[in-house]
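Residue-level structural notes
Residues per chain are reported as follows:
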Amino acid sequence: MKKNFALILTLFATAPLFAQITSSSADKKPDYSAEPAIFLLDERKIEFKDNKSDELTMFKTLHRVIQVNDDRGIESFNKLYLPGGENNKMISLSAKTTLKNGKVIQVDNATVKDYTDEDGTEFKIFAFPGIEKGCILEYTYTYERDPSLFGIEVFQSGIPVVQSKLEIVSPPRLIFEARAFNGTPAKSDTATKGEQRYVAITAPELPEVEDEKYSHFSARLYRVEYKLSYNASRSSSVRMFTWNELAKRIHTNYTYITDKDRKKTEAWIKDLKLPAGATKIQQITAVENQLKKTIMVQKDLYTEAGQSIEQILKSKIAGTTGIMRLYGAIFDKLEIPYQFVLSGDRTSYIIDKSFENWNSADNMLFYFPETGKYLAPTRPDFRYPWIAPEWGQTLALHCKTTTLGDIKTAMADVRIVNLEDFSKSSHNMESTIRIFPENDSLIMEVKQMFTGYTASLYRAAFNFAPVEDQQKFMKELVKLGTNSEQVLESRVDNKEYELYTENKPVIITAKVKANQMMERAGQKILLKIGEVIGQQVEMYQEKPRRLPVEMPYPNVQYRTITIEIPKGYSVKNAESLKIKQVYPESGLATMRFESDYTIKDNTIVIEIKEEYKQAEYGVDLFEHFRKIINAAADFNKVVLVLEKRQ
């Protein structure tokens with residue numbers, strides 16, 4: 001999609017920003033001397049110019065001043081990686097090291113090298129000379145790249161930033177807006193000076209932000225987004241690149257098919273052999289399963305062949321536009337109502353209803369109004385109605401089809417993509433433990449069941465990974481709750497993707513010799529019963545929580561552990577199995593960890609309920625969340641004492 005937008009970039013520029021993270025109090029200057037490094041200055045300038053051919057060009061300048069205070073700071077900034085490659089043409093670079101004694105050492109530009117990482121990303125790389133504790137590093141780097149009408153600049157990280165600023169410079173006809181997220185700008189300016197228009201946002205002083213457990217760290221950093229909103233040479237009052245405009249473009253692009261495409265689509269549906277009387281859901285799932293089994297999607301494939309339905313059905317390879325066209329053409333022929341949907345990602349950048357940064361609407365979905373459910377055509381690891389959970393619980397552009405005269409088009413409806421109910425995503429467990437004191441051995445029979453969003457990882461592992469990797473995965477999964485690699489037998493059931501829509505659980509069954517779960521202490525057997533639920537996260541946080549609690553998705557974990565008590569033994573500390581943390585304590589609980597037990601004859605049955613009914617809990621609820629997480633960790637440490645009766 002972004003490449004398609006590049007075709008119109010010669011007309012336009014950039015847009016608004018909104019700030020993000022809390023800055024330090026103005027009357028109390030923070031002490032950063034203990035920090036490994038500090039950004040004393042982080043200035044970024046994005047300049048749009050018309051070249052001799054009246055085409056829009058874009059230049060970006062980075063000016064940064066960094067103080068390094070210790071060995072960690074030196075290690076972090078000893079080598080500097082700057083944007084490189086064909087799309088980032090270096091125009092100029094000046095860099096220097098200023099030592100504590102005032103001596104200045106300039107960087108020799110001949111030492112700047114090209115570097116490509118494992119992902120194929122290209123950089124310019126150089127080392128600062130003479131770097132030492134307490135020195136100041138400074139560089140100014142200007143490079144030319146393809147113009148972008150939309151952009152995001154993240155200013156906050158794990159390093160404090162004393163002063164930062166984004167400036168957007170453009171010809172007067174191009175009116176950009178900028179908005180800061182996760183904080184309030186210290187200053188915002190918009191002005192026209194001679195032949196240039198300026199938009200500038202100065203950030204507040206930005207403290208470092210730690211990546212806290214259960215948080216979408218990247219999404220919470222102070223950033224500035226920009227977009228082109230008006231072209232005064234056309235109209236200074238008609239807003240450009242609105243959500244409505246994107247909805248219309250998407251509808252036009254994704255519904256464009258040729259007569260050959262239409263005939264190939266009809267032939268494909270005929271070959272699918274849908275049963276007579278198939279419901280809409282059965283049709284949707286049959287289409288999705290067949291396409292995902294036979295066609296590979298390469299998201300960044302922008303060739304004509306990757307967009308043509310006829311070519312896709314022949315080559316079995318599709319780009320994003322092509323696969324959206326193919327699904328749409330099939331659903332149209334089957335008379336299944338749908339909407340194209342573009343979602344944000346709540347782990348990184350999300351859609352803002354009032355600020356139309358099209359680059360944040362980058363995840364493709366189909367929405368079916370008759371069922372209220374979604375389908376993710378570019379994700380082979382999910383099936384209707386399950387989508388990548390990070391694309392849900394956040395705003396998305398729904399392209400609602402409408403008719404203007406004889407023309408079909410779409411209007412924007414920006415609303416939340418709802419995730420499936422918490423109870424449908426689970427990691428449940430049934431375990432039976434048999435102890436044989438006469439030979440100090442223990443046998444565990446374990447059944448683990450995965451549903452909903454949780455099941456995605458396991459279905460992917462047992463469908464896409466090589467057999468050898470599947471065996472390793474199974475071994476590690478079983479070891480998680482048994483501490484043993486002595487697997488006597490194991491199997492996987494319901495791994496098939498055709499079972500995903502009806503949410504049949506992926507079931508991992510294993511029989512394991514797990515002597516490590518018990519120890520002898522004279523006449524006593526110490527049973528490490530808590531380890532059956534696997535290692536748990538512990539949250540003992542001294543610093544105040546800064547970020548809200550964010551779960552990948554709402555979910556439940558129900559476990560039943562049955563212990564057959566050896567003849568002649570009794571349990572001495574069964575009450576240690578009773579742990580309860582529930583919020584709220586009265587009323588409908590939104591999160592809980594609760595374990596209890598019953599004893600009958602020679603059997604003890606432990607029931608555990610762990611529930612998180614929301615995807616997000618505010619900072620004010622962190623202490624309640626922490627108690628529940630730690631309750632699970634406390635259970636993990638429980639050791640039952642089985643004593644031989646005299």
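The present account deals with the structure reproduced in this document. (Residues numbered from 1 in each chain as written. Predicted model: local features only at pLDDT ≥ 70, side-chain atom pairs only at ≥ 80, totals over all residues. Heavy atoms only, no water.)

Along the protein, the regular secondary structure elements total 11 helices and 36 strands. Considered along the principal axes of its C-alpha atoms, the protein spans approximately 100 × 80 × 50 Å. The long-range share in the protein, meaning contacts at least 24 apart out of those at least 6 apart in sequence, stands at 73%. (Helix = DSSP H or I, 4+ residues; strand = E, 2+ residues; numbered from the N terminus. Contact = heavy atoms within 4.5 Å.)

We now examine unusual backbone geometry. Residue Pro-385 is bonded to the preceding Tyr-384 through a cis peptide linkage, with omega at 0 degrees. Along the chain, Tyr-583 connects to Pro-584 via a cis peptide bond; the corresponding omega equals -10 degrees. Phi is positive for Lys-316, close to 70 degrees, though the residue is something other than glycine. Mapped onto the fold, Lys-316 is located in the loop between helix 7 (309–315) and strand 17 (317–318). Taking relative accessible area as the criterion, Lys-316 reaches 37% and is therefore assigned partly exposed. (Buried < 20%, exposed > 50% of the residue type's maximum accessible area, 1.4 Å probe, protein only.)

On to the side chain of Thr-57. Within the element layout of this structure, Thr-57 appears in strand 3 (residues 56–68). Each residue touching Thr-57, except ones within four places of it in the same chain, is listed here: Glu-47, Phe-48, Lys-49, Asn-51, Glu-144 and Pro-147.

For Glu-430, the position within the fold is in strand 23 (residues 426–436). You can call Glu-430 partly exposed: its relative accessible area is 41%. Along the backbone, Glu-430 and Tyr-141 are 289 residues apart, and their C-alpha atoms lie at a distance of 59 Å. Beyond its immediate stretch of four places on either side in the chain, Glu-430 contacts Glu-445, Val-446, Lys-447, Met-449 and Thr-560.

Inspection of every chain in the model, using the stated rule, returns 2 cavities of 30 Å³ or more. Its boundaries defined by the atoms lining it, the largest cavity holds a volume of some 70 Å³. What lines the largest cavity is simply Met-429, Val-446, Lys-447, Gln-448, Leu-477, Val-478, Gly-481, Thr-482, Ile-508, Ala-510 and Val-532. The set of elements that each furnish at least two residues to the lining of the largest cavity consists of strand 24 (441–451), helix 10 (467–480) and strand 26 (506–513). (1 Å grid on protein atoms, 1.4 Å probe; cavity = no way out; pocket = protein on both sides within 12 Å on 5 of 7 lines; lining within 4 Å. Points joined across faces, edges and corners; volume = space filled by probe spheres on them.)

The next point concerns the pattern of salt bridges. One pass over the structure, following the stated rule, counts 44 salt bridges. A salt bridge links Arg-44 to Glu-153; the nearest nitrogen and oxygen atoms lie 2.8 Å apart. Linking Arg-44 in strand 2 (residues 37–50) with Glu-153 in strand 10 (residues 150–154), this pair joins segments that are 109 residues apart in sequence. This pair shows no difference in class: Arg-44 is buried, exactly as Glu-153 is. Here Arg-545 and Glu-212 are joined by a salt bridge, their closest N and O atoms 3.6 Å apart. (Salt bridge = Lys/Arg side-chain N within 4 Å of Asp/Glu carboxyl O.)

Turning our attention to the packing of aromatic side chains. On inspection of all chains with the given rule, the structure shows 34 aromatic pairs. Residues Tyr-327 and Phe-331 carry aromatic rings whose centres are separated by 5.9 Å and whose planes lie at 45 degrees to one another, so their mutual orientation is tilted. With a gap of 4 residues between them, Tyr-327 and Phe-331 both fall in helix 8 (residues 320–333), about one helical turn apart. Here Tyr-327 matches Phe-331 in class, with each residue buried. Both rings, one in Phe-331 and one in Tyr-338, keep their centres 6.0 Å apart while their planes meet at 55 degrees; by these two values the pair is tilted. For the pair formed by Phe-331 and Tyr-338, the shared burial category is buried. Through pairs of rings, three or more aromatic residues link up here, namely Tyr-254, Tyr-327, Phe-331, Tyr-338, Phe-340, Phe-366, Phe-368 and Tyr-384. (Phe/Tyr/Trp six-rings, centres within 6.5 Å; stacked < 30°, edge-to-face > 60°.)

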